[in-house]
Amino acid sequence: MKTNNGNIKTGYKVVREDMTSYWTSISLGGIEYSLNKKVYPKSGCGPLCVFDNLDDAEYFVYYSGCSYKIFKCNYEESKEIMIWNNYCETPSSSLILGAKLANWIELTEEIKL
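Residue positions are given per chain, counting from 1 as you read along its sequence in written order. Local features are withheld for residues below a pLDDT of 70 in this predicted model, meaning they are given only at 70 or higher, and side-chain atom pairs are given and counted only at 80 or more; totals for whole chains, interfaces and linings count all residues. Heavy atoms throughout the structure, all of them, feed into the side-chain values; hydrogens and water do not.

Caption draft 1: Geometry of the environment of alanine 102. Turning to its location among the elements, alanine 102 is positioned in strand E8 (residues 99-111). Think of it in three bands: residues with accessible area under 20% of the maximum for their type are buried, residues over 50% are exposed, and the middle band is partly exposed, with areas taken using a 1.4 Å probe on protein chains only. You can call alanine 102 buried: its relative accessible area is 0%. Separated by 22 residues in sequence, alanine 102 and glutamate 80 have C-alpha atoms that sit 8.6 Å apart. Contact definition: two residues touch when any of their heavy atoms are within 4.5 Å. Apart from the residues within four sequence positions on either side, alanine 102 is in contact with Pro47, Leu48, Val50, Tyr75, Glu76 and Ser78. Helix numbers and strand numbers start at the N terminus; a helix is a DSSP run of H or I with at least 4 residues, a strand a run of E with at least 2.

Here is the structure:
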């Protein structure tokens, strides 16, 4: 993990083939991602999840068994200790290994595996 500037870090974001949130459906607060565009949690949701290293992102998708894309990204690290949407809350300690919380994420480059 590289620090670019203050709380801005470089990490890896896993998304579905259609560029939407890997884990959360759009109707529950999932996000549509685009290259070089900052995205923020939807109203009533927060923060976003990102991996701080490629190995953890690859491990996550390998064991999930679904189609995916991995992008290198910049993100602002969140000080929150939970993720939430309008329906539930999850403590960050329950997230997959290597997952970090972000106030925003900007995809910068697709990683070809």
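Now that the structure is up, let's keep going.
Caption draft 2: Just the side chain of aspartate 56, in detail. Within the fold, aspartate 56 resides in helix H1 (residues 54-64). Ignoring anything within four residues of it in the chain, the contact list for aspartate 56 reads Phe51, Leu97 and Gly98.

Caption draft 3: Looking closely at unusual backbone geometry. Residue methionine 19 is not a glycine yet carries a positive backbone phi of 70°. With a relative accessible area of 16%, methionine 19 lands in the buried category. Located in the positive-phi region is asparagine 36, a residue other than glycine, with phi close to 60°. Here asparagine 36 is to be found in the loop between strand E2 (8-15) and strand E3 (38-39).

Caption draft 4: Quick look at a nonpolar patch on the surface. A contiguous nonpolar surface patch, about 440 Å² in accessible area, is contributed by Tyr59, Tyr62 and Tyr63. Considering the arrangement of structural elements, one finds tyrosine 59 in helix H1. Since its relative accessible area comes to 44%, tyrosine 59 is described here as partly exposed. Only residues above 30% relative accessible area that lack a salt bridge enter a patch, with like-charged residues linked at up to 9 Å and the nonpolar side chains Val, Leu, Ile, Met, Phe, Trp and Tyr linked at up to 5 Å. Here the accessible surface of atoms and residues is derived via Shrake-Rupley with a 1.4 Å probe, and residues count as covered only by protein chains that are part of the display. Basic side-chain nitrogens of Lys or Arg form a salt bridge, by our definition, when they fall within 4 Å of a carboxyl oxygen of Asp or Glu.

Caption draft 5: View of the side chain of lysine 13. Structurally, lysine 13 is set in strand E2. An unpaired buried charge is present at lysine 13: no salt bridge exists, and aspartate 18, the closest side chain of opposite charge, is 12 Å distant. Here cysteine 49 takes part through its backbone oxygen, which lies 2.7 Å from a polar atom of the side chain of lysine 13. The residues contacting lysine 13, other than those within four sequence positions of it, are Tyr33, Cys49, Val50, Lys69, Ile70, Phe71, Cys73, Ile105 and Leu107. In this count, Lys and Arg are taken as positive residues and Asp and Glu as negative ones, while His and the chain termini are left out. Any N or O atom pair separated by 3.5 Å or less is treated as a polar contact, with the protein-specific requirement of one donor-capable and one acceptor-capable atom, and with residues adjacent in sequence counted only for side-chain atom pairs.

Caption draft 6: Summary view of the pattern of salt bridges. A complete count under the given rule lists 3 salt bridges for this structure. The closest approach of N and O atoms between lysine 9 and glutamate 77, which form a salt bridge, is 3.3 Å. One end of the pair, lysine 9, is in strand E2; the other, glutamate 77, is in strand E5 (residues 69-77), with 68 residues separating them in the sequence. On the basis of relative accessibility, which here comes to 12%, the residue lysine 9 falls in the buried class.

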